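# Residue-level structural notes
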Amino acid sequence: MSAGDTEVRRELVAANRILGHEGILDAFGHVSVRHPGNPGHFLLCRARSPENVELADVLEFDGDGELAGEAGPIPYVERFIHAGVYEARPDVTAVCHNHAISILPFSISRSVRLRATINASAMFGDGVPVWDIAAEFGDSTDMLVRNMAHGRSLARALGAGPVVLMRGHGSVVAGNGLRQVVSRCLDMDRSATAQLAVATLGATRSFTAAELAPHADLPPGATRDDRAWEYLLHRAGLDQDEERGHGEGR
Ligand SMILES: [Zn+2]
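Here's a quick rundown of the structure.

## Digging into the packing of helix H2 (residues 80-88) against helix H5 (residues 148-158)
When two helices pack together, their arrangement is captured by the angle between the axes and the distance separating the axes. Taken N-terminus to C-terminus, the directions of H2 and H5 make an angle of 55°; their axes are 8 Å apart at the nearest point. Classified by the angle their axes make, H2 and H5 are oblique. H5 is crossed by H2, and the crossing has right-handed handedness. Residue-level contacts link Phe80, Ile81, Ala83, Gly84, Val85, Glu87 and Ala88 of H2 to Met148, Gly151, Arg152, Leu154, Ala155 and Leu158 of H5. Broken down by class, the residue content of the contact of H2 with H5 amounts to nine nonpolar, two polar and two charged.

So, in structure tokens, the structure goes:
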């Protein structure tokens, strides 16, 4: 295992713990990263609550969502979400699937979409798409993404965007790197909370196309994402962990 590979695995453990600590992930949901040395594969932890994962829990999966290493550890059922998105989106190097409470109403509503209403939601533009598993697979599924056909269908609904909601279930957040995905998850949560709160305040307004334009011109948000990452590491108590290697031996 190369030094770069180990560093990516450590960052993946940190992303799990941060998203668990912030309440985006609870006992369920997961976050993955494209394999740094083999872009057809990805890294995802064994089926364990994200806030509890350790370096030894990180597993490698192939492009079809199957375990690339030795059989034994139990993988997440919905790993095909990640496989489907990585297959469809070469630009994406990290993915989070979550059931964040704040976005669930927007996954159920027939008329209101999660959209750009504050700076944090500028990435949503006219609205976040909602994937309905029943549209392609009928109403006899258990709503879980259990195979590559489900994963590919979901990835089609994501399209070229950063987020897709899943009806009555949760969301998928995609990005270039774990830090961007973590930032986007928190931006999504904040945006949904604000948009839902304002629903009680009468007429509302979204960003205009002109107001969105400067956001589209911004370079990739490395500086912003790094700043958020440092803050979130501290909140999760992980900045003290740096020299101990993010959970090795814990
Ligand atoms: Zn799920």
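There's plenty left to go through after this.
## A closer look at the sheet that holds strand E2 (residues 42-45)
Across the sheet, which stays open at both edges, the seven strands sit in the order E3-E2-E1-E4-E7-E6-E5 with mixed pairing between neighbours. Edge positions in the sheet fall to strand E3 (58-61) and strand E5 (130-131), since each of these pairs with one other strand and no more. Relative to E2, strand E1 (residues 30-34) runs antiparallel, the two being bridged by two bridges. Within E2, the position partnered with Arg34 by the bridge is Phe42. Seen against the sheet, helix H1 (residues 3-21) touches E1, E2, E3 and strand E4 (94-98) and runs at an angle of roughly 160° to E1.

## Focus on H5
Three or more residues of H5 are buried, namely Met148, His150, Gly151, Ser153, Leu154, Ala155 and Leu158. Buried residues along H5 sit in contact with H2, E5, helix H4 (133-137), strand E6 (163-166) and strand E7 (170-175). Of the residues flanking the start of H5, the one acting as N-cap is Asn147, its side-chain oxygen 3.1 Å from the backbone nitrogen of Ala149.

## Concerning the layout of surface pockets
Once rolled over the atoms, a probe with the size of a water molecule shows which space is left empty. By volume, the second largest pocket amounts to about 390 Å³. Along the wall of the second largest pocket there are 13 residues; nearest its centre are Leu186, Asp187, Arg190, Tyr231 and Leu232. Within the residue set of the lining of the second largest pocket, elements represented by two or more residues are helix H6 (178-198) and helix H8 (222-235). Here the lining of the second largest pocket takes six residues from H8, the largest share from any one element. Here the residues of the lining of the second largest pocket sort into five nonpolar, one polar and seven charged.

## Here we look at the environment of Asp226
Counting through the fold element by element, Asp226 comes out in helix H8. The class for Asp226 is partly exposed, based on a relative accessible area of 37%. Sequence separation of Asp226 and Asp126 is 100 residues, and the distance between their C-alpha atoms is 27 Å.

## With respect to the packing of aromatic side chains
What describes a pair of aromatic rings is the distance from one ring centre to the other and the angle between the planes of the rings. A full pass over the atoms with the stated rule returns two aromatic pairs. Ring centres 5.5 Å apart and planes at 20° place the aromatic pair Phe42 and Phe61 in the stacked group. One end of the pair, Phe42, is in strand E2; the other, Phe61, is in strand E3, and 19 residues separate them in sequence. With relative accessibility at 1%, the residue Phe42 sits in the buried group. An angle of 35° between the planes, with centres 5.4 Å apart, marks the rings of Phe42 and Tyr86 as tilted. Pair noted here: Phe42 is in strand E2 and Tyr86 is in helix H2, with a separation of 44 residues, a long-range link. Summarising the burial analysis for this pair, Phe42 and Tyr86 share the class buried.

## Quick look at the coordination of the zinc ion
Any two of four tetrahedral donors ideally make an angle of 109.5 degrees at the metal, while pairs among six octahedral donors ideally make 90 or 180 degrees. Within the protein, Glu78 (OE), His97 (NE2), His99 (NE2) and His169 (NE2) serve as the donor atoms for the zinc ion, at 2.1 Å. The site at the zinc ion holds four donor atoms, and with the angles between them running 93 to 145°, its shape is irregular. Sequence positions of the donors to the zinc ion reduce to the motif E-x18-H-x1-H-x69-H. Taken together, the positions of His99 in the loop between E4 and helix H3 (104-108) and His169 in the loop between E6 and E7 put the pair 70 residues apart, joining distant regions of the chain. The class for His99 is partly exposed, based on a relative accessible area of 25%.

Rules used in this analysis
- Residues numbered from 1 in each chain as written.
- Predicted model: local features only at pLDDT ≥ 70, side-chain atom pairs only at ≥ 80, totals over all residues.
- Heavy atoms only, no water.
- Axes fitted to C-alpha atoms, helices over the stretch in contact; angles between N-to-C directions.
- Helix = DSSP H or I, 4+ residues; strand = E, 2+ residues; numbered from the N terminus.
- Parallel < 35°, antiparallel > 145°, perpendicular 65-115°, else oblique.
- Left-handed = near helix turned anticlockwise from the far one by under 90°.
- Contact = heavy atoms within 4.5 Å.
- Nonpolar A, V, L, I, M, F, W, Y, C, P; charged D, E, K, R; others polar.
- Pairing = 2+ DSSP bridges.
- Buried < 20%, exposed > 50% of the residue type's maximum accessible area, 1.4 Å probe, protein only.
- Polar contact = N/O pair within 3.5 Å; in protein donor to acceptor, adjacent residues only side chain to side chain.
- 1 Å grid on protein atoms, 1.4 Å probe; cavity = no way out; pocket = protein on both sides within 12 Å on 5 of 7 lines; lining within 4 Å.
- Points joined across faces, edges and corners; volume = space filled by probe spheres on them.
- Phe/Tyr/Trp six-rings, centres within 6.5 Å; stacked < 30°, edge-to-face > 60°.
- Donors = N, O, S within 2.8 Å, 3.2 Å for Na, K, Ca; no water.
- Tetrahedral: all angles 85-135°; square planar, octahedral: opposite > 155°, others 65-115°.

Worth remembering: the numbers are spatial, not functional.
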